[in-house]
Amino acid sequence: MGVAAWCAVITPAQAQSRDTVRVPEALIIGVRVPLADRSAIGTSVSQIDSAILAKPGITLNDAIRTASVLNLREYGPGGIATLTMRGAGASHTGVLWQGMSLNDPMLGMADLSVLMLLGASDVLVLHGPAAQSFGPGQLAGAIDLRTALPTDSSVHVQAEFGAGSFGQWRGGAGASLRKGRWAASVSGAAVWAENDFTFSDLARIGHPNDTMTNSRVHQQGASGSVAYEVNHLNRLRLDGLYLRNDRQLPPTMVSPTGRDALFDEKALMVLGWERNGRRTTTDIRTSYAYSDQDFFDSKADTNYLNRSHTFRIRAAQQVLLGRGFAFVARLNSDLAWGRSSSGYADGVFRHMNQATISVAHKPLPWLSGEIQAGVQSLNEKVYPGPFLIGSVIRLLPDWELRGNISSNMRFPSLNDLYWYPGGNVALRPEHQLAAELGNRFDRRIEAWRVVAAFQLFVAGYSDLIQWQPGQSYWVPENVRSTLNKGTETELGFDVDLKKMKVILRLMHQWNRAYMDVALSPTDPTLGQQLIYVPEHQAKMLLDLEAFGAALGADAQFVSGRNVATDGSSTLPPYWLVAAHVGYRITVKKAHSINLRFSLNNIFDQQYQTMAWRPMPGRNWAISLRYGFN
Amino acid sequence: MKKLSYIFLIIGTLTTFIACETEDDQPDLGEFANGVFVTNEGQFNVGNASVTHYRRSDGQVSSDVYTAANDVPLGDVAQSMTLVGDNGYVVVNNSGKVEVVKWRDLSHIGTISGLTSPRFLLALGNGRAYVTDFSSDYLAVVDLTTNAKIDSIMVGGWTEEMVLVNGSVYVAATGTGRILKIDPNTNTMLAEVTIGNEPTSMAVDANGKLWVVTNDTYPADEPSRILRLDPIGLTVELTLTMPTNFDYPNDLAASKDGQKILFINGQVYSLPITASALPSSPMIDLSPVFPYSIDVDPVTGNIFVGDGADFQSNGTVKVYNAQGQLQGSFAAGVIPGGFCFTPQE
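What you see is a predicted model, and the numbers here were worked out from it, not measured in a lab.

In terms of regular secondary structure, chain A is built from three helices and 33 strands. What you see for chain A is a C-alpha radius of gyration of 24 Å, in line with the 25 Å of a compact globule of 629 residues. Across its three principal directions, the C-alpha atoms of chain A cover 65 × 55 × 45 Å. Out of the 629 residues in chain A, the part that is buried amounts to 60%. Sequence separation of 24 or more characterises 63% of the internal contacts of chain A that already satisfy a separation of 6 or more. Total accessible area on chain A stands at roughly 23,300 Å², and carbon and sulfur atoms take up 64% of it. Chain A carries 59 positive and 53 negative side-chain charges, and their two centres are separated by 7 Å.

Here is the structure:
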């Protein structure tokens, strides 16, 4: 576990108290997903196990790193961290909270290091076109952090405290309750970390040990959710999230004098109404997101201010037509305003809309399919799409085949459109044409469960936006085309007995992503793997729990990555291995104390996920959690 | 992040070169004699700066010679290189340092640190050198025997290229729109002239006149200009104004005979020193590619033109004769931005 991932997690004791499970055809997970957030039939949605998220001391970055096929690019402890999927960029990968995007409209991407789990009980991984329902942009997929509210009438309280190597301290508390028609959850957390670890400085002659400087992080966050069942048909829900991250930006090995700093403040408020009728379902949600990012450039001794406000509406209406037919209409609307003291000081607007209709049909008990089409707009320009056709064939009760063909687009960010100088309002949307085919075997026999999933995907991207050197300044242009293809394999084995639990996960991703159209007759980048996209990632996670004692280990392998587009500079592959032990005491069934000690990067690997940004060697963390049910 | 992009844009658009100087005749020339070092900036914040060597006699190219010699990366954004005696000084901008090497084999012998965002080093001939800086209000004075910064001269902001003419140092004070004249023996300001906009690059012609290009990071209120100055009185003798605000001339270099001033304005242009108007057509046209850097080999008079490609992959250097005819090309590192010529055997 990297120190950067010390975004403390407090998950209220609610893992055992889920909302009513209402599993749509396309989903294979046990999480209630509102209509607006349901993915199309034939697409792939997986879940980072709630049991993994509920472990003391676990962070969102830990969970992604060890228990998903996603790729995390960390700029060092406390530094920026971005999420990528299937060989595409961070701007093609959505980060959602309760189904609403946290991607910054100015940059088009989300900084995962700012985000804390904060009461999220489930992390859904929406693979490729499964994220299409959330509006334009998430071409590679998305993660969605969801908070399930309790369904029983008890109160759950939890508090956690932790410490670790390199001056790490964290604490937090959470509570959830249900009373009558009301259900609520609240959580808060704070993290302090010096991140002053020692690393081998590969940029200095003799590779002497250096101590990381200027990498202090102070982070706070809070979230709350409240839901009210108006009647058996109607439900209202209000969610709020606040994140604050005040950090120094650690210097790189090749630029060791950097003393920059970054201050982030983000808030998101979501108000939703759901109506679940016998033949119709309605889901309408609106949100407001505020983002403030202030970058202090130590060399220029200047603070650059970046602020944005985003209003979103997401609405979906489903009508069951009979004879196995269903009709769904969706609207995603996004109005963003941003102001950057260095790029557009007077403020700029972007308005995106997406309207789709889809028809789903289940002609046979083992066969279902969906066709989706729509239109999208950016400011005054209207574009056809997205399109999708998908199908699921259930070969056996526990084994299904699924596949889809889709087309979608991503609109330029505010910076792409309006940055001064260079911003290009004539940019076209980036296009994606994708197909995937997969199968999933998921068999439960009493306390035993075996999961095996395999997916093959291919996606062609065109009109990719790249900032290009011009005569006098850089300009974003629609220049690149890439072809991304690969496989995702997951094997899982769970045992959940009264006194013993076992979780085993084995994951592999092969991803070949490369430029497939030359920019010039001698373009050296043609056919080269895209920068920072590992061709192979393999992960293993094992958790054993018996009679209150816990023991586990995880390992991950990341293959070498290109740093230059022509492959002339690369980062070496690396292995990371971690282990943990823990013990849980339960008193009178209501009180529990959970202690966990983890040792990370056991073999003290010197590695980088981004060039010349050292990551911590061997480190430890200890967490103590008290819970009351 | 946005500021990082912005800085990248600025750095990406500032073309760099420096006429390297050799103070002493060296009878025993080594591996890298009779050629040119190309400083490849590398991607900003990625740390893949490098030095490529090209040998004049047979065209042999050696890539990333600094790392090969020392088993460490050069750093982040290699801005320029200067030869002084047996030593080479590689200015690594975003690493805030100057790496000192034996230029014959590129072996490392020291590091000049304590600099903020260094751009160019100019040897003063007295065992000292000046180093300009992108992010400092001071010009650094360094001792070349101890490789330490020993003093600084207040200049009020960003400085770029320097030249030594008739015992005085002329500095392009980019941030304040001035040309400064400094006495290198006393480190005192002798004179200054405000020419406006942002002077970045300078060259000296056969008559000892000082040529300066001014521009901005973006076409703004006034068009860029090329000026000829009398270095003695620091008076402006000629002003050539670009036709539009979108013209962005940079990278001045004098031809071997000093009768022409070469510069980049989208393509490579040649300006006779007696001209009273800007040339209407380029001397070297690489369209649709925009050249990133130029310099003139003081031995052969050949013109070296750097092509940064997509600025994320290795670039190319094209070699033209003095008449602008292509002689050949060779592969360089990422963003070839500067040239430093080693003596002829």
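Tallying secondary structure elements over chain B gives two helices and 27 strands in all. Taking all 345 residues of chain B together, 64% fall into the buried category. The contacts of chain B with a sequence gap of at least 6 include a subset with a gap of at least 24, amounting to 47%. When the accessible surface of chain B is split by element, carbon and sulfur atoms take 46% of a total near 11,300 Å².

Glancing now at the confidence of the model for chain B. For chain B, mean pLDDT is 89; residues scoring 70 or higher make up 89% of the total. Note on residues 1–29 of chain B: pLDDT under 50 across the span, and 111 contacts to partners over four residues away in sequence or across chains.

Quick look at the environment of A120 of chain A now. All names here are of chain A. Within the fold, A120 resides in the loop between β5 (100–101) and β6 (122–127). Since its relative accessible area comes to 0%, A120 is described here as buried. Taking C-alpha positions, A120 is 9.4 Å from A54, a pair spaced 66 residues apart along the chain.

Moving on: the packing of aromatic side chains. To describe a pair of aromatic rings, you give the distance between the ring centres and the angle between the ring planes. In the structure shown here, the tally under the stated rule is 21 aromatic pairs over all chains. Where Y344 of chain A meets W419 of chain A, the ring centres are 6.1 Å apart and the plane angle is 85°; that geometry is what we call edge-to-face. Taken together, the residues span a long stretch of sequence, with Y344 of chain A in strand β19 (residues 344–364) and W419 of chain A in the loop between α3 (414–418) and β23 (430–445) at a distance of 75 residues. Accessibility classification places Y344 of chain A together with W419 of chain A in one group, the buried group. Aromatic pair F557 of chain A and W575 of chain A: ring centres 5.3 Å apart, planes at 45°, arrangement tilted. Taken as a pair, F557 of chain A in strand β28 (residues 549–558) and W575 of chain A in strand β31 (residues 574–587) lie far apart in primary sequence, 18 residues in all. Residue F557 of chain A is classed as partly exposed on the basis of its relative accessible area of 22%. Taken together, Y54, F304, F330, F339 and F341 of chain B form an aromatic cluster joined through their ring pairs. One Lys or Arg, R104 of chain B, reaches over the ring of W103 of chain B and ends 4.7 Å from the middle of that ring.

The subject of this paragraph is the pairing of strand β23 (residues 293–296) of chain B. Residue and element names in this part refer to chain B. Residues S293 and D295 of β23 are buried on one face, and the alternating residues I294 and V296, pointing to the opposite face, are buried as well. Bridge count between β23 and strand β24 (residues 303–307): four bridges; the pairing is antiparallel. Paired with I294 across the two strands is V305, which belongs to β24. Between β23 and the antiparallel strand that follows it, β24, lie six residues; G301 among them carries a positive phi value of about 80°.

This part takes up the pattern of salt bridges. Tallied over the full model, the rule gives 44 salt bridges over all chains. The partner of R307 of chain A in a salt bridge is D292 of chain A, and the shortest N-O contact between them spans 3.4 Å. Of this pair, R307 of chain A sits in strand β17 (residues 302–322) while D292 of chain A sits in strand β16 (residues 280–297), and the two are 15 residues apart along the sequence. Residue classification places R307 of chain A among the partly exposed positions, given a relative accessible area of 23%. K209 of chain B is the salt-bridge partner of D230 of chain B, the closest N and O atoms lying 3.9 Å from each other. With a gap of 21 residues between them, D230 of chain B in strand β18 (residues 225–230) and K209 of chain B in the loop between β16 (198–204) and β17 (210–215) connect regions that are remote in the sequence. For D230 of chain B, a relative accessible area of 17% gives the class buried. A cluster of three or more residues bridged by salt bridges with shared partners is formed by D37, D144, R146, D283, R285 and R314 of chain A.

Remark: a regular strand shows side chains that alternate across the two faces of the sheet. All names here are of chain A. Both faces of strand β2 (residues 71–74) are covered, namely the face carrying N71 and R73 and the face carrying L72 and E74. Across four bridges, β2 lies against strand β3 (residues 81–84) in antiparallel orientation. By the bridge assignment, N71 is partnered in β3 with T84. Adjacent in sequence and paired antiparallel, β2 and β3 are bridged by six residues, among which G76 carries a positive phi angle near 100°.

Another aspect to go through is the environment of V125 of chain A. Residue and element names in this part refer to chain A. Inspection of the secondary structure puts V125 in strand β6. Note on V125: relative accessible area 2%, which makes it buried. In this structure the C-alpha to C-alpha distance between V125 and G272, which are 147 residues apart in sequence, comes to 22 Å. In contact with V125, not counting residues within four places along its chain, are S44, V45, S46, I48, L70, M85, A142 and I143.

By a widespread convention, an interface's size corresponds to the accessible area lost as its parts come together. In this assembly, 45 residues from chain A lie in contact with 44 residues from chain B. Of the roughly 3,800 Å² buried where chain A meets chain B, counting both sides, 61% is carbon and sulfur surface. Our count for the chain A to chain B interface comes out at one salt bridge. For R480 of chain A, the salt bridge identified is with D310 of chain B, shortest N-O distance 3.2 Å. If you look at where chain A meets chain B, you find twelve residue pairs in polar contact (both at pLDDT 80 or more). If you list the elements that add at least two residues to the side of chain A that touches chain B, you get β16, β17, β24 (448–469) and β25 (474–496) of chain A. Split into classes, the residues belonging to the side of chain A that touches chain B amount to 24 nonpolar, 15 polar and six charged.

Residues I64, L112, L115, I143 and L145 of chain A are the most contacted members of the largest nonpolar core, which totals 45 residues. Looking at this core, the element that brings in the most residues is helix α2 (residues 60–67) of chain A, giving four residues. Among residues more than four places away in sequence, those in contact with I64 of chain A are I48, L70, L72, L83, L112, I143 and K539 of chain A. Grouped together as the second largest cluster of nonpolar side chains are 18 residues, F37, V72, V92 and W103 of chain B included.

This part takes up the sheet that holds strand β22 (residues 267–272) of chain B. Residues and elements named next belong to chain B. As summarised here, the arrangement of the three strands in space is β20-β21-β22, forming an open sheet in which the pairing is antiparallel. Edge strands, defined here as strands with exactly one partner in the open sheet, are β20 (250–254) and β22. Sheet twist, expressed as the average angle between the axes of neighbouring strands with direction ignored, equals 25°. Here strand β21 (residues 260–265) pairs with β22 via six bridges, running antiparallel.

Before going further, it helps to spend a moment on the sheet that holds β5 of chain A. Residue and element names in this part refer to chain A. Across the sheet, which stays open at both edges, the five strands sit in the order β1-β6-β7-β4-β5 with mixed pairing between neighbours. Only two strands of the sheet have a single neighbouring strand rather than two, namely β1 (44–48) and β5. Where β6 lies against strand β7 (residues 141–146), six bridges are found, and the strand directions are antiparallel. Residue pairing across strands places D122 opposite R146, the latter belonging to β7.

On to unusual backbone geometry, then. Residues and elements named next belong to chain A. In this model, Y420 is joined to P421 through a cis peptide bond whose omega is 5°. Residue position: P421 is located in the loop between α3 and β23. Notably, F166 is not glycine yet its phi reads approximately 60°, a positive angle. Mapped onto the elements of the fold, F166 is located in the loop between β8 (155–164) and β9 (168–179). When its relative accessible area of 17% is taken as the criterion, F166 is described as buried. Look at D604: it is not a glycine, yet its phi comes out positive at around 55°. In this fold, D604 is placed in the loop between β32 (591–600) and β33 (619–628).

All names here are of chain B. Its location among the elements puts F339 in strand β27 (residues 336–341). Classification of F339 by relative accessible area gives buried; the value is 1%. For F339 and S293, which are 46 residues apart along the polypeptide, the C-alpha to C-alpha distance reads 8.6 Å.

Cut-offs applied
Residues numbered from 1 in each chain as written. Chains lettered and ligands numbered in written order. Predicted model: local features only at pLDDT ≥ 70, side-chain atom pairs only at ≥ 80, totals over all residues. Heavy atoms only, no water. Helix = DSSP H or I, 4+ residues; strand = E, 2+ residues; numbered from the N terminus. Rg over C-alpha atoms; globule rule 2.2 N^0.38 Å. Buried < 20%, exposed > 50% of the residue type's maximum accessible area, 1.4 Å probe, protein only. Contact = heavy atoms within 4.5 Å. Areas by Shrake-Rupley, 256 points an atom, 1.4 Å probe, with all protein chains shown as cover. Lys, Arg positive; Asp, Glu negative; His and termini not counted. Charge placed at Lys NZ, Arg CZ, Asp CG, Glu CD. pLDDT = per-residue confidence, 0-100. Phe/Tyr/Trp six-rings, centres within 6.5 Å; stacked < 30°, edge-to-face > 60°. Lys NZ or Arg CZ within 6 Å of the ring centre and 35° of its normal. Pairing = 2+ DSSP bridges. Salt bridge = Lys/Arg side-chain N within 4 Å of Asp/Glu carboxyl O. Buried area = accessible area lost by both parts, 1.4 Å probe. Polar contact = N/O pair within 3.5 Å; in protein donor to acceptor, adjacent residues only side chain to side chain. Nonpolar A, V, L, I, M, F, W, Y, C, P; charged D, E, K, R; others polar. Core = buried A, V, L, I, M, F, W, Y, C linked by side-chain atoms within 4.5 Å. Axes fitted to C-alpha atoms, helices over the stretch in contact; angles between N-to-C directions.

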